[in-house]
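Each chain, written out:
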Amino acid sequence: MAASELYTKSARVWIPDAEEVWKSAELNKDYKNGDVSLQLMLEDGTNVEHKLDPKTKNLPYLRNPDILVGENDLTALSYLHEPAVLHNLKVRFVDSKLIYTYCGIVLVAINPYEPLPIYGTDIINAYSGQNMGDMDPHIFAVAEEAYKQMARDERNQSIIVSGESGAGKTVSAKYAMRYFATVSGSTSEANVEQKVLASNPIMEAIGNAKTTRNDNSSRFGKYIEIGFDTRYRIIGANMRTYLLEKSRVVFQADEERNYHIFYQLCASSHLPEYKALKLSNANDFLYTRQGRSPVIYGVDDTNELSTTRKAFTLLGINESNQKGLFQVLAAILHLGNVEIKDRDSDSSVIPPNNRHLTAFCELVGVTYQDMSQWLCHRKLKTATETYIKTLPRLQATNARDALSKHIYAKLFNWIVEHVNKALITNIKQHSFIGVLDIYGFETFEINSFEQFCINYANEKLQQQFNMHVFKLEQEEYMREQIPWTLIDFYDNQPCINLIEAKMGILDLLDEECKMPKGSDDSWAQKLYNTHLKACSLFEKPRMSNRAFIIQHFADKVEYQCEGFLEKNKDTVNEEQINVLKASKKFHLLVELFHDGEKATSPTSQVSGTGGRTRLSIKPDKGREKSSKEHKKTVGCQFRNSLQMLMGTLNATTPHYVRCIKPNDFKLAFTFDPKRAVQQLRACGVLETIRISAAGFPSRWTYQEFFSRYRVLMKQKDVLADKKLTCRNVLEQLVQDQDKYQFGKTKIFFRAGQVAYLEKLRAEKLRAACIRIQKTIRCWLERKKYLRKRSSAITIQRFTRGYQARCLAKFMRRTQAATVIQKYQRMCVERKRYRQKQAAALVMQTILRAYMARQKYQALRREHKAVIIQKRVRGWLARCWYKRCLVSIVYLQCCFRRMKARRELKKLKIEARSVQHLKKLNKGMENKIMQLQRKIDEQNKDKRLVNEKLVSLETTYTAESERMRGDLSRLRGVEEDAKNKGNQVSSLLEELEKLRKELTSTQKEKKTIEDWAQTYRNEMEKMVSELKEQNGLLKKEKDDLNRSIQEQSQQMTEKMARAILEETQQLKTDLNEERSRYQNLLTEHRRLEEKHDDLKEEMVSSNVSKPGHRRTDSTHSSNGSEYTYNSEYAELEEGSRAAEDVTRGIDTSLTLKLQKRLTGLEQDNQSLRNELENKEDQFQRARARDDVEFKKARGAELEYESLKRQELDSENKKLKHDLVEIRQSLLGKAATGAGAPGSPAYKVVLEQLNASCEELEVRKEEVLILRSQLVSQKEAMHHKETMTEPSVYVEDVSKLKDADELKQAYMGLKDTNRLLEHQLQTQRRGYDNEVESLRGELHNVKEENNRQQQLLAQNLQLPPEARIEASLQHEITRLTNENLDLMEQLEKQDRTIRKLKKQLKVYSKRIGEMGAGQAEGQTSPGQMVDEPIHPVNIPRREKDFQGMLEYKKEDELKLVKNLILELKPRGVAVNLIPGLPAYILFMCLRHADYNNDDQKVRTLLTSTINSIKKILKKRGDDFETVSFWLANTCRFLHCLKQYSGDEAFMKHNTQRQNEHSLSNFDLAEYRQVISDLAIQIYQQLIKCMENILQPMIVSGMLEHETIQGVSGVKPTGLRKRTSSIADEGTYTLDSILRQLSAFHSTMCQHGTDPELIKQVVKQQFYIIGAVTLNNLLLRKDMCSWSKGMQIRYNVSQLEEWLRDKGLMTFGAKETLEPLIQAAQLLQVKKKTDEDAGAICSMCLGLTTAQIVKVLNLYTPVNEFEERVSVSFIRTIQTRLRDRCESPQLLMDTKMIYPVTFPFSPSSLALETIQIPGSLNLGFLTRV
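About the criteria used
- Position numbers for residues count from 1 along each chain, tracking the sequence in the order it is written.
- In keeping with the predicted nature of the model, local features appear solely for residues at pLDDT of at least 70, side-chain atom pairs appear and are counted solely at 80 or more, and the whole-chain, interface and lining totals rest on all residues.
- The side-chain figures draw on all heavy atoms in the structure; neither hydrogens nor water molecules are used.
- Put simply, DSSP H or I for four residues or longer makes a helix, DSSP E for two residues or longer makes a strand, and each gets a number counted from the N terminus.
- Should any heavy atoms of two residues lie within 4.5 Å, those residues are considered in contact.
- Method for areas: the Shrake-Rupley scheme with a 1.4 Å probe, in which residue coverage is limited to the protein chains shown.
- Pairing of aromatic rings covers Phe, Tyr and the six-membered ring of Trp, with a centre-to-centre limit of 6.5 Å; geometry is then stacked below 30 degrees between planes, edge-to-face above 60, and tilted otherwise.
- A 1.4 Å probe rolled over the protein chains alone gives each residue an accessible area, and that area as a share of the maximum for its type sets the label: buried under 20%, exposed over 50%, partly exposed in between.
- Like-charged residues are merged into a patch within 9 Å and nonpolar side chains (Val, Leu, Ile, Met, Phe, Trp, Tyr) within 5 Å, provided each residue has over 30% relative accessible area and no salt bridge.
- A pairing counts as a salt bridge when a side-chain nitrogen of Lys or Arg comes within 4 Å of a carboxyl oxygen of Asp or Glu.
- His residues and chain termini do not enter the charge count, which takes Lys and Arg as positive and Asp and Glu as negative.
- For the purpose of locating charges, the reference atoms are NZ of Lys, CZ of Arg, CG of Asp and CD of Glu.
- For two strands to be treated as a pair, DSSP must find no fewer than two bridges joining them.
- What the arc covers is the set of directions going from the helix axis to the C-beta atoms.
- What counts as an axis is a line fitted to C-alpha atoms, over the stretch in contact for a helix, and the angles between N-to-C directions run from 0 to 180 degrees.
- Geometric relationships in this document are graded by angle, where less than 35 degrees denotes roughly parallel, more than 145 denotes roughly antiparallel, 65 to 115 denotes roughly perpendicular, and other angles denote oblique.
- Two helices crossing with the near one rotated counterclockwise from the far one by less than a right angle form a left-handed crossing, whereas a clockwise rotation gives a right-handed crossing.
- For this scheme, ten residues count as nonpolar: Ala, Val, Leu, Ile, Met, Phe, Trp, Tyr, Cys and Pro. Four count as charged, namely Asp, Glu, Lys and Arg, and the remainder, Gly too, count as polar.

Participant: Before we go on, may I ask you to explain the overall build of the chain in this structure?
Facilitator: Helix and strand counts for the chain stand at 53 helices and 26 strands. Considering only residue pairs separated by 6 or more positions, the chain has 73% of its internal contacts joining residues 24 or more positions apart. When the accessible surface of the chain is totalled, it reaches about 99600 Å², and 54% of it is carbon and sulfur.

Participant: Sorry, what's going on with the packing of aromatic side chains here?
Facilitator: Here a ring pair, both rings aromatic, is described through the centre-centre distance and the interplanar angle of the planes. In this structure the tally under the stated criterion is 38 aromatic pairs. Look at F705 and F749: their rings are 5.9 Å apart centre to centre, the planes differ by 25°, and that puts the pair in the stacked class. Placement of the pair is F705 in helix α25 (residues 702-708) and F749 in strand β24 (residues 746-749), with a sequence separation of 44 residues. Assigned by exposure class, F705 and F749 land together as buried. The structure contains a cluster of three or more aromatic residues connected by ring pairs, namely F449, F452, W523, Y528, F538, F548, Y559 and F564.

Participant: What should I look at first to understand a positive patch on the surface in this one?
Facilitator: A surface patch of positive charge is lined by K870, R871, R878 and K882. One can find R878 in helix α27 (residues 753-912).

Participant: In this structure, what is going on with the pairing of strand β12 (residues 234-242)? I would like to understand it.
Facilitator: Along any regular strand, the residues point their side chains to alternate faces of the sheet. Most of β12 is tucked away: 9 of the 9 residues are buried. Summarising the sheet, strand β11 (residues 221-228) and β12 pair through 8 bridges and their orientation is antiparallel. Residue pairing across strands places K222 opposite T241, the latter belonging to β12. Connecting β11 to the next strand, β12, in antiparallel fashion are 5 residues, including Y232 with a positive phi near 60°.

Participant: In this structure, what is going on with the environment of E990? I would like to understand it.
Facilitator: Looking at where E990 falls in the secondary structure, it is placed in helix α29 (residues 984-1003). For E990, a relative accessible area of 47% corresponds to the partly exposed category. Along the sequence, E990 and K855 sit 135 residues apart, while their C-alpha atoms lie 9.6 Å from each other.

Participant: What's the story with a negative patch on the surface in this structure? I'm lost.
Facilitator: Where like charges cluster on the molecular surface, the negative patch consists of E1061, E1062, D1069 and E1072. By the element assignment, E1062 lies in helix α30 (residues 1005-1100). Taking the relative accessible area as the measure of exposure, E1062 reaches 48% and is therefore partly exposed.

Participant: Help me understand helix α16 (residues 505-514), please; the structure alone is not making it clear to me.
Facilitator: Working note: α-helix, 3.6 residues per turn, so residues spaced by three or four point in the same direction. Judged by how many residues are buried, α16 sits mostly within the fold: 7 of 10 residues are covered. Taken together, the buried positions of α16 are I505, L506, L508, L509, D510, E512 and C513. At its buried positions, α16 is contacted by α14 (449-479), α15 (493-500), α17 (520-531), β19 (547-551), α18 (564-569) and α22 (634-650).

Participant: Whenever I open this one, helix α53 (residues 1765-1774) confuses me. Can you help?
Facilitator: Considered for burial, the residues of α53 that qualify are F1767, I1768 and I1771. Buried residues of α53 fall within an arc of 100° about the axis and therefore sit on the same side. Tucked inside the fold, the buried residues of α53 contact α51 (1728-1737) and α52 (1743-1752).

Participant: Explanation requested: the packing of α14 against α22 in the structure shown.
Facilitator: Any two packed helices are characterised by the angle at which their axes cross and by the distance between the axes. At their nearest, the axes of α14 and α22 sit 11 Å apart, and the two run at 20° to each other. In terms of their interaxial angle, α14 and α22 are classed as roughly parallel. Remark: the crossing between α14 and α22 carries right-handed chirality. Across the interface between the two elements, F449, C453, Y456, A457, K460, L461 and Q464 of α14 pack against V634, G635, F638, R639, L642, M646, L649 and N650 of α22. For the contact of α14 with α22, a count of residues per class yields 10 nonpolar, 3 polar and 2 charged.

Participant: Explain the pairing of strand β16 (residues 386-390) to me, please; I cannot follow it from the model alone.
Facilitator: When strand β15 (residues 377-381) meets β16, the two strands line up antiparallel, connected through 5 bridges. When the sheet's bridge partners are listed, K381 is paired in β16 with T386. The turn linking β15 back onto β16 is made up of 4 residues.

Participant: Whenever I open this one, the sheet that holds strand β3 (residues 37-42) confuses me. Can you help?
Facilitator: Sheets are built from strands paired through backbone hydrogen bonds, the pairs being either parallel or antiparallel. Across the sheet, 5 strands lie side by side as β4-β3-β2-β1-β5; this open sheet has antiparallel pairing. The sheet is open, and its two borders are formed by β4 (47-51) and β5 (61-62), each paired with just one other strand. Helix α2 (residues 82-95) rests against β1 (12-17), β2 (21-27) and β5 of the sheet, and its axis sits at about 100° to β2.

Participant: Whenever I open this one, the pattern of salt bridges confuses me. Can you help?
Facilitator: Pairing is possible between side chains of opposite charge, provided their charged atoms come close. Tallied over the entire structure, the rule returns 46 salt bridges. For the salt bridge of E319 with R309, the shortest nitrogen-to-oxygen distance reads 2.5 Å. You can see E319 sitting in helix α10 (residues 319-336) and its partner R309 sitting in helix α9 (residues 301-314), a full 10 residues away along the chain. A salt bridge links R675 to D664; its shortest N-O distance comes to 2.8 Å. Note that R675 is positioned in helix α23 (residues 673-683) and D664 in the loop between β21 (653-660) and α23, a separation of 11 residues in sequence.

As far as function goes, none of this settles anything; it's purely spatial.
Below you can see the structure in the form of structure tokens.
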């Protein structure tokens, strides 16, 4: 494609810039061949002229289209070059806040310098199992790819993390290891994955330090191998370290720190456990204060040390070793403070009693003299003699620092070795994933030996990276059968040869170290002489003779030769080492240096600046090897370890992570282009781009190309074969065939071709848009014009008509007004005249009438006042007397009635009890005698009362005489009043005077009328004013009423909202509690499964006992159910056998469970034995009571009949006496004058009536008792006559020989003896009862006497005091009686509850005995003697009771056929739903009917365990889980429906209520089965989730349900799953079909509708959560067209809900966050109004989710616009006050709490038929 076609006007290019590296510009005119410059306009509007290089004529880089900017993969860019890569990374990092980007096979990670919520467990779960290209770039995606390839290809993997200090290498490696630990888990209870993660804080404490670029910089390289077993679970790990920066121990630059562990110890020096270290502040020690930055902001060193110690403990380093480590570290600090002074120019000395040296010697256990001696001296050995030479102060100080570095290196290696020991395992390693965290390319102002080794390692890694990228490209071309052309890429082998080849830099350095007088200068000269002319990559600086320059792959680096030899030798004074080895108190220090002598390979100890790696060797060569290894230089050791590392990496599949540091100031999300470009060049990212750009970087499948560029094709170009269509179109669009190649499945494009195609596509779409806009605008304008024209005509017509109507109306109104005025004026005048006339007449009438009434009323009032006073006073006195008397009588009546009713109620309750029946039968005679005596006493009282009545009559006669005198006196007063009536005449005279006054009043009339007129006018005016004020007041009132109504409405709404919120909160709390409980059930189930797995492993490992088999555990989930003893025995055998075989397995959990199981079984056994003993005792007592009852009942009935006759006669006599007393009292009362009204008479009469009522009650009780006794006697007689003779005859007829009769006779004799003994026992009991009744009778007599005394006292008191005393006494007595009755009632309730169950059992057994006797009426003799003829006897249809009987030995067969071997599909289709549940319940009913608790327990336990077993075996089969969920719920509902509880029985029929359980309360088992149903429900949800999970993303997001709406954007090397509906891909129809299959299956199995609704709600939550999570993690899915696709897909799901009738229970609401996310993709995102609309719309999304969607929003076409950063900040500001979880993703593992609403069955149990296909012929219907 010619440059003139691309470099046209408005084309955008990149030009170099000093500040921003690359700057964007736009062409002002087309480029033509031969032009020497380009006319450009910058983004700020500045016009510039860009000169082209006259030699190369290279044009500036073209800029990619905007729709390609921000891509996940840099290789997806059409133009692959440095500015495009830099710009894409900047847009993603700064604008979208995305720190990860793919670059082919490399993951580029930019350090955000800010914690991000993208590393949680939810993110790990989201990336787990996903293809690397299907999700947005992430370190977890790389880890998942490595883990997946390890499992799929069975090849070891490596993750290489590189970058410069501060780029985030350590954090990336840490997150990768966390991913492996979370996804894989470990194989035992040893928590290996936790140990792997725990190694991080240890290595950071001893190997990380603060630098100017990073607060937590790793100062060593490490390679961690994470081992996996055959099931790809973590079993262990191993760590190798490289090139520890030992020089940091003794020196730190400004703003840097030593290793963290030193500052942690200094910060904790105040704690008691660290007092012995004699430490203080970090500024007090030379080795920790040189950087002048002892504190890191935001880091607490004390807490960090606590974390480090916990990690040490977790990895098995005990307290003593930790203490030893801290002593060594403290000793190093003290050694650094040892001051060495000059003695003379060639010697030095340490002052005596140096406290730091003393502390050092005490901590390491050496002598002060030896240490001070060899710090200032050294030993020189020759062939014949040994010399001790003094050291000058500078050399002594260097020797001291060298010793410190050496000790720290030894300590570092020792810790690494022990960490590896803790991470190692005995299980065989199947594969591993290595994580390499190594330094990146470094270049500083002064580069020394450390930078040389680091850059050497990066050269080796870059070479391996280049070869791997080249290899992948070659494999891709060969796989697609594209002609392979050699791609030129940078090979850094010459640079590697310069460093490591023979006579290379390292070789010459080692040679110089061996020279006696070798120096850095001589080594530099050798380098110049050897390589300066021979190698172009080696240069000499112009201004220096002690430096050299190497051209590395990333940049030129100048190294200073000073210190190379010393660091390469890494010499330490051997005498100082020997002093430390001689320590006898500090064993850890000796161990450190002795380990050094056991080094086994060149990589086992990297002295100087290197670490060590661990290799195994043959033990017999150890000492020989150690002497040689000790002499190897640091460079040689590092080269060997690097070669071994490269060998490991080459044997694995590598994965690359390149960490980039965005700026040097640690500012969050700040991008420095200069620093970024340096690192991109150094880490090989640009080299990857260059290799890709050299070939065919853009790759499309034929289907994707067809879908994207269908708009460029004409209708005639579209063929059936899409591959051929793409070929034809490409040949037309791109003439140069070298720009593309056709592979088997893909089309390969050269760089820039996709941008060209995108340009053509955009132009075609733009032209189409213009045409559409033109047509639509024309149509809109014409429509607008026609509408305006029609509107104008209509307006004119209506205006003219309106004007004519207004004129006519005005004329009519003018004429009418004249007529109205005439008649109105006439009416007003006539009305005024009539009003005046009427007012005058009315005033005259009223005034005259008023005066007459006043006079008359005054006369009448004075005349009748006296009469009224007289009558009222007499009437008031009588009323008061009557009211007092009536009140007293009424109060006595009420009180006595209340007392009598309570006594009657008490007696009726006692009369109904069985015990009271016995008491009445025995003590009734005594009670009647007592009543006789009571009546005699009352007769005596009656005589006394009669005497008192005589005296009262005399008193009453005298009082009557006095009242007659008063009456005559009052009559005289009345006559006087009549005489005074004559005084009326005087009043007439006064009337005359009043008439005179009337005349004067008439004279004043005129004045009054005038005043009235004036007053009327004023009143009218006032009325008008009042009306106005009233109107205003009404208006105010209406306003107030309206405001009150609004306030009341607001208050009502507020209260309603508060109530609703409270209800919602309560519901939320309830759901949380349910969820918590169900999560505990899930955890319990998981532990059970783990326990079962451990038991299976133990059994499978027991190969020495082939005959040993172990059955499933039958203990229930609540730990209180029946278990088989044989299973426990087998469990013990299995555990003992497994202990000898499985030493590597941690069986602590198994032993705990076995111990608990043993205790539970012992408790159950003891309870079962106790229950059996109780039942035996109960059976024996019941048999004994029956016999005694039969023997003694006859005599008791005779005795009781005699007593009843005596009681009847006594009652008649008492009644006769009472009638006589009443008649005599009434007769005497009638004879007395006025006596019936006396209070004393009424009191006595009421007392006698009360006694009569009490006798009547007693009579009723006697009648009730007699009827009960008669009925019992008849029942017993009927029973004895109907049952005993028949049984006796039947039994005797069977005893034919004398022996049988003799045996029967002996048995009867023994029975008689037993009955006699029981009768005596019962008689003694009866005697005791008689004594107790006598005591009660005595108490009753005393109470009666006391009552009579109180009655006599009350009669003597005044009426008010008597009433008060009676009430007080009665209240006291009733309170005591109430307390006694409450105690008795509680006792009786308990007794009744016990006896009810026994009564049911007895009644059913009596019914069974009667039925059996009715059936067996034919005698046995006839059955034997009569011949049997073969005749057909018709069978009578039985009345089945809905029960199934089975034998005990058939229980296993029942469980096996009905649960374990049942095929759900056949049962669901051919039989009634829930049939197994009904069968099991019918079997349970029979066990309950027989009162067989053991059978009930074993049946329920076997059922529960069998269901658990089948679910464990086939838990991934949806039909099986659904089937048993439905049956478990039906079984639970049956237990409730037939439990006998009223709450569950109200929906039953009468027949169903008869089938209720009678003997056992299975409420606890209902809870167990409910828990089992919850577990099955959770298993069902998990099963559905596993089936739906692969469909959701493809069907809801990737598949284009509406074809053509969203085009596929160009993708890079990491190809995503195609969104085109290829064969085998899931679509939305797949999801709907699967949901329908789930729904139909559950309906066929008879699942409760409410439960189906909960399942569907959970399904829709999973669909919504998974879809939203993937949307939040996929940038390519966040576009306007994808939002339309999602909304359409959601509408299809809602339509499915509508078809199934499931719209109103909350499933649709679970999709609300997804709907709002789709709406967010489609709404406008520009102005503040748009921000407000988004905040009010997206209530179901969290702030993090909203911001994430906006950051990820990506235009698919050029017509769409990106979301600005300012708009996102506006959204964040508006949503700042939201109180919500910061979690980004929805919890896909969340399960809504499930409930099982009671659903009774209308199916009758007796109608259920068992099909033969179930093989349950051993069941018998009952």
